[in-house]
Amino acid sequence: MRRSYAPSRVSIILSEQSPNENRDPNTLYKPPTSLARKRSSDAKRFPNKRVCYKQLLDEIDSDGETDGKEKNETRKMSYFNHEQFILQILKKPFKVPLEGYAGGSSSSKCLGMRRTGLRVALHDPYSDGALVLYYPPEQSPQEQLSSSKDNSKTQVHVVVDPILCQVLRPHQRSGVKFLYECVTGKRIEGSYGCVMADEMGLGKTLQCITLVWTLIRQSPEAVPTASKAIIVCPSSLVKNWAKEFDKWLFGRVRCLAIDSGSKDEIDKKLLQFILDQRVRAGVQVLILSYEGFRLHANVLHRGEVGIVICDEGHRLKNSESQTYTALNKLNAKRRVLLSGTPIQNDLLEYFSLVHFVNAGILGTESEFHKTYEIPIMRSRDSDASEKEREKGSEKLQELIELVNRCIIRRTASILTKYLPVKVEQLVCCRLSPLQTKLYKRFVKSKTDQVRYLCILYNF
Ligand SMILES: Nc1ncnc2c1ncn2[C@@H]1O[C@H](COP(=O)(O)OP(=O)(O)OP(=O)(O)O)[C@@H](O)[C@H]1O
């Protein structure tokens, strides 16, 4: 077998030969092991020796003057023959290494051709337990044919990541579906918000994490629906949210939880986050407190985010508060508000929450006051007429129908099946002497009080 050497190698071999030796460098084959040994000893003897090809030929030329012309001519010839041999190989046309390759787009086997715009769902919608949030419209055979040629307009399934699917409880699955439909405008045209008012402990956090992760990764168009999300929560929960993201997604999502730091430092981080326009943003989820948001609102108003989630959202019940105003100014199309207790005092607070997520569906504040609040409150008065009562319940029904499209509330009773069976044990025991004494004194004092009250009120 003929073995070719790199020019640098050839120079080393040539320099090792005695001047009288007339050997062709390309015939100097050595078994690989001894060659490797030789290489390491060469490296020691000729540290960092670099030889240029041109210089090598010149050396051969100049050698010729001392060693004799004939010898050098032979060396040069064998060198150029070898070059010719390599050139011949390189001149051969490229042959596709795929059997039966016919070329062109008609072949199923495509070499070196990237199929542009190929859209596929990120997760298998037909797998066991898959939670599909969006089904693409059925296609006619003609449409299927044209979309197989041009896939760029085809829609795909939006499927919840299986790592989340496997942990979601049934009520959480329906909750995620509800959230997704709301924030993608499927429930109320032109409105992209909702209130999740599940009772405490039903896993609102996990449902929101599932929503955010799905929006960050998927859409019917096979691109992210949103590249960035902001979670606003009480300062005591900032770390908890970050932990929950990690717990359920195993570090797949890039979170930035801000709960301390100097103003300049935080401003810098927030600016970087908010101005990041990439589809796959460096920080995908920003978690910060209501106070933090208010303090740095001027920075956060300089950009856009795909979705904002407000935990313990009843903090936004006053539409005139600074926090409400700051959050409302945020450029976020999709808004989710989480609260275990959405109605606390009056209907106007309820209006503020709904208005924050879906501005306009209840009209302006004064319109809401006139249309719903007055008739409903009037009908509750003890001296309300029959007509007022009727109008009140009619308006209440109308309001419930309207808000039910963007509010979901489940009670903790659905959790009972996940809790261990309650066991009650009744144990009877005697009072200790001290307990008996205290008990008798208490009973006597109460009896005295009752006797006194009876005398006072003439019972
Ligand atoms: N599907 C689930 N499997 C296992 N643990 C879960 C699941 N869903 C929620 N949890 C756990 O239950 C606990 C309560 O959930 P979470 O805090 O999200 O409830 P919540 O509705 O947000 O309550 P709160 O109103 O207090 O914020 C958390 O520790 C959470 O990790």
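In the block above lies the structure referred to throughout.
Everything in this summary refers to the structure shown in the same document. Throughout this document, residue positions are counted from 1 along each chain, in the order its sequence is written. Local features in this predicted model are restricted to residues of pLDDT 70 or higher, and side-chain atom pairs are both shown and tallied only at a pLDDT of 80 or more, whereas totals for entire chains, interfaces and linings draw on every residue. Side-chain measures here rest on the full set of heavy atoms in the structure, leaving out hydrogens and waters.

Moving on, we come to the side chain of S289. The helix count covers DSSP runs of H or I at least four residues long, the strand count covers runs of E at least two residues long, and both are numbered beginning at the N terminus. Examined against the element boundaries, S289 turns out to sit in strand β6 (residues 285-289). Using a 1.4 Å probe on the protein chains alone, a residue whose accessible area is under 20% of its type maximum counts as buried, one over 50% counts as exposed, and one in between counts as partly exposed. Take S289: its relative accessible area is 9%, and that puts it in the buried class. Side-chain atoms alone can form a polar contact between residues adjacent in sequence; in general such a contact is a pair of N or O atoms within 3.5 Å, and within protein one must be able to donate a hydrogen while the other accepts it. Separated by 3.0 Å, the side chain of S289 and the backbone nitrogen of G292 make a polar contact. We call two residues in contact whenever any of their non-hydrogen atoms come within 4.5 Å of each other. In contact with S289, other than residues within four places in its own chain, are V232, C233, P234, S235, V238 and I258.

Let us look at the pattern of salt bridges. By convention in these notes, a salt bridge is any Lys or Arg side-chain nitrogen within 4 Å of a carboxyl oxygen on Asp or Glu. Inspection of every chain in the model, using the stated rule, returns 14 salt bridges. Of the charged contacts, one joins D267 and K263 as a salt bridge, the two residues approaching to 3.0 Å between their closest N and O atoms. Of the two residues, D267 and K263 are both situated in helix α10 (residues 263-275); the distance of four residues between them amounts to about one turn of the helix. Assessed through its relative accessible area of 46%, K263 is described here as partly exposed. A salt bridge links E388 to R378, with the shortest nitrogen-to-oxygen separation between them at 3.1 Å. Residue E388 is located in helix α16 (residues 386-403), and its partner R378 is located in helix α15 (residues 365-380); the two are separated by 10 residues in the primary sequence. Using a relative accessible area of 26% as the deciding quantity, one classes E388 as partly exposed.

Before going further, it helps to spend a moment on unusual backbone geometry. Negative phi is the rule for most residues except glycine; trans is the rule for most peptide bonds. A positive phi is found at F250, a non-glycine position, where the angle reads about 50 degrees. One can find F250 in the loop between α9 (238-249) and β5 (255-258). With a phi close to 50 degrees, E312 is a non-glycine residue in the positive phi region. Here E312 shows up in the loop between β7 (304-310) and α13 (322-328). We classify E312 as partly exposed; its relative accessible area is 29%.

Moving on: the site of the ligand. Here, proximity means that at least one heavy atom of the residue falls within 4 Å of the molecule or strand. In the vicinity of the ligand there are 14 residues, among which V167, Q172, K204, T205 and K247 approach most closely. Between the ligand and T205, the relevant distance is 2.9 Å, taken from an oxygen atom to a side-chain nitrogen or oxygen of the residue. In the cavity and pocket records, a cavity denotes points on a 1 Å grid over the protein atoms alone where a 1.4 Å probe fits but cannot get out, a pocket denotes an open set with protein on both sides within 12 Å along at least 5 of 7 lines, and lining residues are residues with an atom within 4 Å of a point. In this scheme, a molecule is assigned to a cavity or pocket if more than half of its atoms are within 2 Å of the grid points. With respect to the pocket detection grid, the ligand is positioned in the largest pocket. Under the scheme applied here, ten amino acids are nonpolar (Ala, Val, Leu, Ile, Met, Phe, Trp, Tyr, Cys and Pro), four are charged (Asp, Glu, Lys and Arg), and all others, including Gly, are polar. Its residues assigned to classes, the shell around the ligand comprises five nonpolar, four polar and five charged.

For the rest of this paragraph, the subject is a nonpolar patch on the surface. To count toward a patch, a residue needs a relative accessible area above 30% and no salt bridge. Like charges then connect within 9 Å, nonpolar side chains (Val, Leu, Ile, Met, Phe, Trp, Tyr) within 5 Å. Shrake-Rupley sampling with a 1.4 Å probe provides the accessible areas, and residues are treated as covered by the protein chains on show and by no other component. Taken together, the side chains of F85, I86, I89 and L90 present a nonpolar region at the surface, about 390 Å² in accessible area. By secondary structure assignment, the location of I89 is in helix α4 (residues 69-91). A relative accessible area of 46% means that I89 is categorised as partly exposed.

Attention now moves to the packing of helix α7 (residues 170-183) against helix α8 (residues 204-217). Contact pair α7 / α8: the axes reach a minimum separation of 9 Å and the direction vectors enclose 45 degrees. Taken together, the axis directions place α7 and α8 in an arrangement best described as oblique. Of the two elements, α7 crosses α8, and the hand of that crossing is right-handed. Mapping the contact onto sequence places H171, Q172, G175, V176, L179, Y180 and V183 in α7 and L206, Q207, C208, T210, L211 and L215 in α8. In terms of residue class, the contact of α7 with α8 is made up of eight nonpolar, five polar and no charged. Only the stretch in contact is used when a helix axis is fitted, and all axes are lines through C-alpha atoms; the angle between N-to-C directions ranges over 0 to 180 degrees. Roughly parallel means an angle under 35 degrees; roughly antiparallel, over 145; roughly perpendicular, 65 to 115; everything else is oblique. Note on convention: near helix rotated counterclockwise from far helix by under a right angle means a left-handed crossing. Clockwise means right-handed.

Ordered by their spatial adjacency, seven strands build an open sheet running β5-β6-β4-β7-β8-β3-β9, and the pairing between neighbours is parallel. Bordering the open sheet on either side are β5 and β9 (407-408), each of which pairs with just one other strand. Relative to β9, strand β3 (residues 193-196) runs parallel, the two sharing two bridges. Looking at the pairing, M196 lines up with I408 of β9. The strands touched by α9 within the sheet are β4 (229-233), β5, β6 and β8 (331-338), with β6 carrying the most contacts at an inclination of about 155 degrees. The rule for pairing is simple: two strands pair if DSSP sees at least two bridges between them.

What follows deals with the environment of L337. Take L337: it is sitting in strand β8. Counting along the chain gives 26 residues from L337 to D311, while the straight-line C-alpha distance between them is 6.2 Å.

This part is about the nonpolar core. We define a nonpolar core as any set of buried Ala, Val, Leu, Ile, Met, Phe, Trp, Tyr and Cys residues linked to one another through side-chain atoms lying within 4.5 Å. If you look at the biggest cluster of nonpolar residues, it comprises 87 residues, and the most contacted ones within it are I230, F245 and F293. Looking at which element gives the most residues to this core, the answer is α8, with eight residues. Setting aside chain neighbours within four positions, we find F293 in contact with I230, V232, L288, L300, H301, A326, L327 and L330.

Helical periodicity: at 3.6 residues per turn, an α-helix aligns residues three or four positions apart in one direction. One less than the number of residues in a helix, times 1.5 Å, gives the span that helix is expected to have. With 16 residues, α15 should cover 22 Å at 1.5 Å per step; its first-to-last C-alpha distance of 21 Å lies within 8% of that length. Given a residue, its bend is the angle between the two axes fitted to the seven residues that end at it and to the seven that start from it. By the largest-angle criterion, E373 marks the main kink of α15, which is about 35 degrees, and a proline, P375, follows within four residues. Residues of α15 that are buried: F368, Y372, E373, P375, I376 and S379. Those residues of α15 that are buried are in contact with α14 (347-357) and α16.

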